[in-house]
Amino acid sequence: AQSVTQLDSQVPVFEEAPVELRCNYSSSVSVYLFWYVQYPNQGLQLLLKYLSGSTLVESINGFEAEFNKSQTSFHLRKPSVHISDTAEYFCAPGFQKLVFGTGTRLLVSP
Amino acid sequence: NAGVMQNPRHLVRRRGQEARLRCSPMKGHSHVYWYRQLPEEGLKFMVYLQKENIIDESGMPKERFSAEFPKEGPSILRIQQVVRGDSAAYFCASSPRQVGETQYFGPGTRLLVL
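Residues numbered from 1 in each chain as written. Chains lettered and ligands numbered in written order. Predicted model: local features only at pLDDT ≥ 70, side-chain atom pairs only at ≥ 80, totals over all residues. Heavy atoms only, no water.

(A) Fine view of the overall build of chain B. When its secondary structure is counted, chain B shows zero helices and eleven strands. Going from N to C terminus, chain B has its helices and strands arranged as β-β-β-β-β-β-β-β-β-β-β. For a compact globule of 114 residues, the expected C-alpha radius of gyration is about 13 Å, and chain B comes in at 13 Å, within 12% of that figure. Across its three principal axes, chain B shows a C-alpha extent of roughly 40 × 25 × 25 Å. Residue burial in chain B is summarised as follows: out of 114 residues, 46% are buried. A sequence separation of at least 24 residues applies to 52% of the contacts in chain B between residues at least 6 apart. (Helix = DSSP H or I, 4+ residues; strand = E, 2+ residues; numbered from the N terminus. Rg over C-alpha atoms; globule rule 2.2 N^0.38 Å. Buried < 20%, exposed > 50% of the residue type's maximum accessible area, 1.4 Å probe, protein only. Contact = heavy atoms within 4.5 Å.)

As structure tokens, this is what we get:
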């Protein structure tokens, strides 16, 4: 069985500031790890994923996440956020079905 | 390549009616997943289907809910005798043949039960 904890329900930041969204998971088996983003009234879009290999994975819009097996974490980071990054972010471990965290709302203000 | 399509996007039903939610996976995808998102909550897995087979329905309520993915046509999530607590956003996702592949999500169907 898998479970996931997103420690922050809401993260307010100013534009161009760095941000980290935390995700810890537990699993009795090896899993894949995903970050999805949800904009208001829309479906989820894949942001990045870890399947195997390099523990640092990057997205095309500047986000990155690092898989830490010893700490069972997969935190999401961005060195400089933009207003358009305002959205809900979901961490999801899984093998077939995904187990979603409760989400972290990133609020970027000018 | 069109994405995952869901219809209707919004559905209003009165208590006791039936709700049918449709999902057309991406072309070439034979795995379909249904998730439910209650207000202010994350997504919860409901059911995982391949063509003509239910693989995992561990997240489905025991009564009133059913799902199918026929050989031809979209996947259907059916809710009989809806209650107010069924009001939620229902998302469908599809993935290619291999397990562990990325799941691509549709825009969701927002069900409101009056």
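(B) Structural detail: the sheet that holds strand E3 (residues 19-24) of chain B. Residues and elements named next belong to chain B. As summarised here, the arrangement of the four strands in space is E1-E3-E8-E7, forming an open sheet in which the pairing is antiparallel. Whereas interior strands pair on both sides, the edge strands pair on one side only; in this sheet they are strand E1 (5-7) and strand E7 (65-68). Averaged over all adjacent pairs, the angle separating strand axes in this sheet is 15 degrees, with direction ignored. With four bridges connecting them, E7 and strand E8 (residues 75-79) associate as antiparallel partners. Across the sheet, the residue bridging to Phe65 is Ile79, located in E8. (Pairing = 2+ DSSP bridges. Axes fitted to C-alpha atoms, helices over the stretch in contact; angles between N-to-C directions.)

(C) Inspection of the layout of surface pockets at higher detail. Put simply, the largest pocket is a space of about 550 Å³. Sorting the residues of the lining of the largest pocket by element identifies strand E10 (87-94) and strand E11 (104-109) of chain A together with strand E9 (88-95) and strand E11 (109-113) of chain B as the ones contributing at least two each. Top contributing element to the lining of the largest pocket by residue count: E10 of chain A, with three residues. (1 Å grid on protein atoms, 1.4 Å probe; cavity = no way out; pocket = protein on both sides within 12 Å on 5 of 7 lines; lining within 4 Å. Points joined across faces, edges and corners; volume = space filled by probe spheres on them.)

(D) Just a nonpolar patch on the surface, in detail. Together, Val12, Leu112 and Leu114 of chain B line one region of the surface with nonpolar side chains, adding up to about 250 Å² of accessible area. Structurally, Leu114 of chain B can be placed in the segment after E11. (Patch = residues over 30% accessible without salt bridge, like charges linked within 9 Å, V, L, I, M, F, W, Y side chains within 5 Å. Areas by Shrake-Rupley, 256 points an atom, 1.4 Å probe, with all protein chains shown as cover. Salt bridge = Lys/Arg side-chain N within 4 Å of Asp/Glu carboxyl O.)

(E) How the structure looks around the environment of Leu51 of chain A. Secondary-structure assignment places Leu51 of chain A in the loop between strand E6 (44-50) and strand E7 (56-58). Look at Leu51 of chain A and you get partly exposed, because its relative accessible area is 34%.

(F) Here's a closer look at the packing of aromatic side chains. Taken as a whole, this structure holds twelve aromatic pairs over all chains when the rule is applied. Between Phe100 of chain A and Tyr35 of chain B the ring centres are 5.5 Å apart and the planes differ by 90 degrees, which places this aromatic pair in the edge-to-face class. In this pair, Phe100 of chain A is assigned in the loop between E10 and E11 and Tyr35 of chain B in strand E4 (residues 31-37), connecting two distinct chains. Neither Phe100 of chain A nor Tyr35 of chain B differs from the other in exposure class; each is buried. Chaining the aromatic ring pairs together yields one cluster made of Phe34, Tyr36, Phe90 and Phe100 of chain A together with Tyr35, Phe45 and Phe105 of chain B. (Phe/Tyr/Trp six-rings, centres within 6.5 Å; stacked < 30°, edge-to-face > 60°.)

(G) Quick look at the pattern of salt bridges. Counted by the stated rule, this structure contains nine salt bridges over all chains. In this structure, Asp8 of chain A and Arg22 of chain A form a salt bridge, with 2.9 Å as the shortest nitrogen-oxygen distance. With Asp8 of chain A in the loop between strand E1 (2-5) and strand E2 (10-14) and Arg22 of chain A in the loop between strand E3 (19-21) and strand E4 (24-27), this residue pair connects regions lying 14 residues apart in the sequence. What makes Arg22 of chain A partly exposed here is its relative accessible area of 31%. Here Glu18 of chain B ties to Arg20 of chain B by a salt bridge, and the two come within 2.8 Å at their closest N and O atoms. Salt bridges linked by common partners bring Glu20, Glu66 and Arg77 of chain A together as one network.

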